[in-house]
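Descriptive analysis of the structure
Chain residues, written in single-letter form:
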Amino acid sequence: QGSGRQFSHSFKNATLRIYGSDEQISFPIQTCTKVEDVKQAIAGAVMCHVDELKFLVKQGCSTRTLLNTDEMRSVVTVRGISSFRPARHRWPHPTAVIGSGYHGLKTLMMYLKSGNSDVVCFDRNDRVGGYCWITAANRFSKLQTEFGAFHVWWGQDSMQGSCGYPDEYWETWPRKEKVLEHFQHAAEEYGVLPHVRFRCNVEALDVVGERKSEDRHYALTVAKLDGGVKETVNCSVLWNYPGSMTKNRIVDYPGEDQFDGNIGYGMNDDAPYESFMGNNIAILGNGAFAVENARTCIEHGCNKVFIVTRRKNLASPRLPCWFVHQGPAPTPGRLVLKMFEPMYKMCDFGDPWKFWSVNASADKMKVQIIQNSRFGIGDVTFLAVACGKLEYVVDTLKRCSKHTLHLTSGRRLENVRVVLKALGLLGDFSVDRFHNMTSVHGFYCDGDWRRIIYLDATGMNAANFTTFSTGIGTTGYVRLNKFLFDHPKEFYRMQQFGIMSQLPINKAKNDEDKPAYVYDVVHTNSTMVIMHGMCPRAAELGSTDPAYKHKMYHISHPLDKFIDECVRSWDEYQESWRKAGCTAEYIPYPYTKEMVRGYFDEYNKATGMSIDPRGPADLSKEDFQQEAPSFAQLPAWAADDRNIEMAEQASKAEGAKWWYDISSSNVLKPGEIAPQKAKHH
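Remember, predicted model here, so these are calculated numbers, not experimental data. The written sequence of each chain sets the order in which its residues are numbered from 1. In keeping with the predicted nature of the model, local features appear solely for residues at pLDDT of at least 70, side-chain atom pairs appear and are counted solely at 80 or more, and the whole-chain, interface and lining totals rest on all residues. Note that the side-chain values use all heavy atoms of the structure and ignore hydrogens as well as water.

A closer look at the environment of histidine 554
For helices the rule is a DSSP run of H or I covering at least 4 residues; for strands it is a run of E covering at least 2, with both sets numbered from the N terminus onward. With respect to the helices and strands, the residue histidine 554 is situated in helix H16 (residues 545-556). For histidine 554, a relative accessible area of 4% corresponds to the buried category. Each C-alpha atom of the pair histidine 554 and glycine 148 lies 9.7 Å from the other, and the pair is 406 residues apart in sequence. Residue contacts follow a heavy-atom distance rule, with two residues in contact if any of their heavy atoms lie within 4.5 Å. Each residue touching histidine 554, except ones within four places of it in the same chain, is listed here: Trp322, Gln326, Phe600, Asp612, Pro613, Arg614, Gly615, Pro616 and Leu619. Two N or O atoms count as a polar contact when they lie within 3.5 Å, although within protein this holds only if one can serve as hydrogen donor and the other as acceptor, and sequence-adjacent residues are included solely when both atoms are side-chain atoms. A polar contact of 2.9 Å, which involves the side chain of histidine 554, links it to the side chain of glutamine 326. In this scheme, a residue with accessible area under 20% of its type's maximum is buried, one over 50% is exposed, and one in between is partly exposed, where area comes from a 1.4 Å probe on protein chains only.

Focus: the confidence of the model for the protein chain
Overall, the predicted model of the protein chain reaches an average pLDDT of 89, with 90% of residues at or above 70. Of the regions scoring below 50 in pLDDT, residues 657-681 engages in 30 contacts with residues more than four places distant in sequence or in other chains. For every residue, the pLDDT score states the predictor's confidence, bounded by 0 at the bottom and 100 at the top.

As for empty space enclosed by the protein
Within this scheme a cavity is a closed region of a 1 Å grid, computed over the protein atoms alone, that accommodates a 1.4 Å probe without allowing it to escape, whereas a pocket is open but has protein on both sides within 12 Å along at least five of seven lines; lining residues each have an atom within 4 Å of a point. Grid points are joined across faces, edges and corners, and a volume is the space filled by probe spheres set on the points. Tallied over the entire structure, the rule returns two cavities of 30 Å³ or more. For the largest cavity, the calculated volume is near 180 Å³. Taken together, 17 residues line the largest cavity, and the ones lying closest to its centre are Arg295, Arg318, Ile377, Gly378 and Val380. Listed by contribution, the elements that provide at least two residues to the lining of the largest cavity are helix H6 (288-299), helix H9 (380-386) and helix H17 (559-579). A class-by-class count of the residues in the lining of the largest cavity yields eight nonpolar, four polar and five charged. Taken as a whole, the second largest cavity spans an internal volume of roughly 30 Å³. Lining the second largest cavity are 13 residues, and of these Asn286, Val291, Asn313, Leu314 and Gly376 sit closest to its centre. Broken down by class, the residue content of the lining of the second largest cavity amounts to six nonpolar, six polar and one charged. Only Asp, Glu, Lys and Arg are considered charged in this grouping, and only Ala, Val, Leu, Ile, Met, Phe, Trp, Tyr, Cys and Pro are considered nonpolar; every other residue, Gly among them, is considered polar.

A few points about the sheet that holds strand E6 (residues 95-98)
Strands in a sheet are paired, the pairing made by backbone hydrogen bonds, and the direction either parallel or antiparallel. Any two strands with at least two DSSP bridges between them are considered paired. Spatially, the eight strands line up as an open sheet ordered E8-E7-E6-E12-E30-E29-E28-E33, and their pairing is mixed. A single partner strand is all that each edge strand has here, and the edge strands are strand E8 (196-197) and strand E33 (505-507). Here two bridges tie strand E7 (residues 119-122) to E8, and the two strands are oriented parallel to one another. In the sheet register, phenylalanine 122 faces E8, and the bridge partner there is arginine 197.

Section: the packing of aromatic side chains
Two rings from Phe, Tyr or Trp (for Trp, the six-membered ring) form a pair when their centres are within 6.5 Å of each other. A pair whose planes differ by under 30 degrees is stacked, one over 60 is edge-to-face, and the rest are tilted. Under the counting rule described, the total for this entry stands at 45 aromatic pairs. Ring centres of tryptophan 322 and phenylalanine 562 lie 5.7 Å apart, and the angle between their planes is 25°; on these two criteria the pair is classed as stacked. A residue pair is termed long-range when its members are at least 10 positions apart, and tryptophan 322 in helix H7 (residues 318-326) and phenylalanine 562 in helix H17 qualify at 240 residues. Take tryptophan 322 and phenylalanine 562: they sit in the same class, and that class is buried. Note on tyrosine 344 and phenylalanine 355: the rings are 5.7 Å apart at their centroids and 70° apart in plane angle, and the pair reads as edge-to-face. Of this pair, tyrosine 344 sits in helix H8 (residues 333-346) while phenylalanine 355 sits in the loop between H8 and strand E19 (358-360), and the two are eleven residues apart along the sequence.

Topic: H16
A helix is expected to reach a length of 1.5 Å times the quantity of its residues less one. Between its first and last C-alpha, H16 extends 16 Å over twelve residues, near the 16 Å set by a 1.5 Å rise per residue. Burial within H16 is extensive, with twelve of its twelve residues counted as buried. For H16, every residue scored as buried is listed here: Asp545, Pro546, Ala547, Tyr548, Lys549, His550, Lys551, Met552, Tyr553, His554, Ile555 and Ser556.

Thoughts on the pairing of E7
Burial along E7 is two-sided: Val119 and Cys121 and Val120 and Phe122, pointing in opposite directions, are all buried. Pairing analysis gives four bridges linking E6 to E7, with the strands arranged parallel. The residue of E7 that forms the bridge with threonine 95 is valine 119. Taken together, E6, helix H2 (residues 102-113) and E7 form a β-α-β motif whose crossover is right-handed. Place the viewer so that the strands point away; then a crossover is right-handed whenever the path from the first strand over the helix to the second strand goes clockwise.

Observations concerning the side chain of arginine 479
As for its placement among the helices and strands, arginine 479 is situated in helix H11 (residues 471-486). Accessibility expressed as a relative area gives 6% for arginine 479, which makes it buried. For arginine 479, the side chain forms a polar contact with the side chain of aspartate 545, separated by 2.8 Å. When near neighbours in sequence (up to four residues on either side) are disregarded, arginine 479 contacts Met110, Gly155, Asp157, Leu541, Gly542 and Asp545.

With respect to the sheet that holds strand E20 (residues 367-371)
Strands sit in the order E19-E20-E31 across an open sheet of three strands; the sheet is antiparallel. At either end of the open sheet lies a strand with only one pairing partner, and these are E19 and strand E31 (460-462). Going from strand to strand, the sheet's axes swing by 15° on average, the running direction of each strand aside. Note: E19 against E20, three bridges, orientation antiparallel. By the bridge assignment for E20, asparagine 359 is matched with glutamine 368. For every element, the axis is a line fit to its C-alpha atoms; helices are fit only across the contacting stretch, and the angle between N-to-C directions ranges from 0 to 180 degrees.

As for the environment of cysteine 163
Secondary-structure assignment places cysteine 163 in the loop between helix H4 (147-150) and helix H5 (176-189). With 19 residues separating them along the chain, cysteine 163 and histidine 182 place their C-alpha atoms 9.5 Å apart. The contact partners of cysteine 163, leaving out residues within four places of it in the chain, are Trp153, His185, Ala186, Glu189 and Tyr190.

Considerations on the pattern of salt bridges
Here, a salt bridge means any Lys or Arg side-chain nitrogen found within 4 Å of an Asp or Glu carboxyl oxygen. Applying the stated criterion to the full structure yields 30 salt bridges. Two residues, lysine 338 and glutamate 602, come together in a salt bridge whose shortest N-O distance is 2.6 Å. Of the two residues, lysine 338 sits in helix H8 while glutamate 602 sits in helix H18 (residues 593-607), which places them 264 residues apart along the sequence. Given a relative accessible area of 23%, glutamate 602 falls into the partly exposed group. For the salt bridge of lysine 551 with aspartate 618, the shortest nitrogen-to-oxygen distance reads 3.7 Å. A residue pair is termed long-range when its members are at least 10 positions apart, and lysine 551 in helix H16 and aspartate 618 in the loop between H18 and helix H19 (641-662) qualify at 67 residues.

Brief notes about unusual backbone geometry
We note that histidine 403 has phi near 55°; this positive angle belongs to a residue other than glycine. Positionally, histidine 403 belongs in the loop between strand E23 (397-401) and strand E24 (404-407). Positive phi, close to 60°, is recorded for asparagine 415, a residue that is not glycine. Turning to its location among the elements, asparagine 415 is positioned in the loop between strand E25 (412-414) and strand E26 (416-421).

Laid out in structure tokens, this is it:
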């Protein structure tokens, strides 16, 4: 008994039928259950207003509408909805996507797979793939992470037809053309291409109508790059993918005109590959792009590469990258650094725990890694250092003279014939001007929730690692925002609870050359955590991810095969260098399967998981389609006990990660002395 209301302890079954349909559901209710209670439950499940529902019962030869205060009957006909599954909202105008790179293509694929074809995309290129892989990458660029973590159909709910668990055709670390081929393959499989207008530029945007009005829309002025009449395209929702950052940071050094060699930026095919053979090359910068350029130089037969950097960033060998991507729960930062140790020690790369970007507790149980760029990933970087083919020079360039770089410390790098600048990329302030915005609230341009903007966020700030790649983050981002566009009442509910005041705000920083749309990884992570916390239904869409990523990786990149590939590549590099005159002694690959088994044991202990290096017991390639369940029905993935276990364990690990991350007071910076505990008497 509560609030003066009597509650029955007996139950009965209630069957609800949709008016004019064969769809029905049955579920147990207490005998005393009121109509209002069931209406509220159904309205919440299908995301409609409770006043839209009418419950009808047969009464003799007639039909009677039940009052909210009536007790529920055993058989009821429901009017006001067409299904017990949430219905997608129909916007007055199409959904528009600017850019068909990785993020834009993923967005289009998810819309079309869900049955929503009312989408249009605009791209300046003549094919899918985006700036990063069509323009910025050179013809020798390779994927640094494994293909399994990167492929654009990542996610159990994204798989379709020939886009399933990646097989050997796609290779583990494909080159540029194979990556672009995979984009094209996905675009064809999901029927994306008819919805993309290539060789088009969206020149202007006008917001038409009041911000709170559903009839508000965006009038896009679209120009064909090959000429023709401009047109106006109206859309109700706008996804904008302007590219991570597309402009090189231009730095000119004194004496470049006297260098008498090649100086470039190493993007696209700007590098003079024909000049690499037998020469010394200097790369300025130390982000992932600099590491990738170092590999390209070494593979083209250069004598030696110098990476000149103000401070040395952490880089990742291949094995830790693989481990993180197969783990169903985030991998603790301390385990990531422990997995770095064998490779760092082998090539005298330094102690990973003492790098400037590492903040660790005195007992090394808590770690936070903060740096301005992502890990450069690859084994060849370390092997080249060990064999004398690559040297990290922690210094800055002061000036140039003929074939010589004069550093701030007084050191001179002599007989250098090529300089590649990898000093970072800048955002484009024209993107801010296009949106007429001064800030981004979460993902929303000036707080306009139907106009969202996304990029690969800059930097790294993590204590636990779910991925080193793009696939996982992009999938979660598109799922979340598509769900809200499909069910805007969920957003309006969040709005009533103050979502906009809780989201982080990123403003333009003119003095740092950072437009408003260039936000960092902390901004992205905070936005996702806040929005998933306020919209648990959207968060539930990722319930299959832990089990999926673990299973997919052990199908596509099983441990034995992966290590064999790593060892083979490792040995091939050494053999080719030996033939070219390298006198370094043979260096065995620093990781073994026994070591990896130890990492699994430590991971299980830290996360509460119980995974095995051989992968899950079921490695069949049969997939299930994740469909929104109807009211009172379990989702398809919940029929598998292992999936439930994985989801529970991952949820616990994510909760532990949150507490871990906010306990910053217990994390020491390098060189900091741990405070003494107070003694109690």
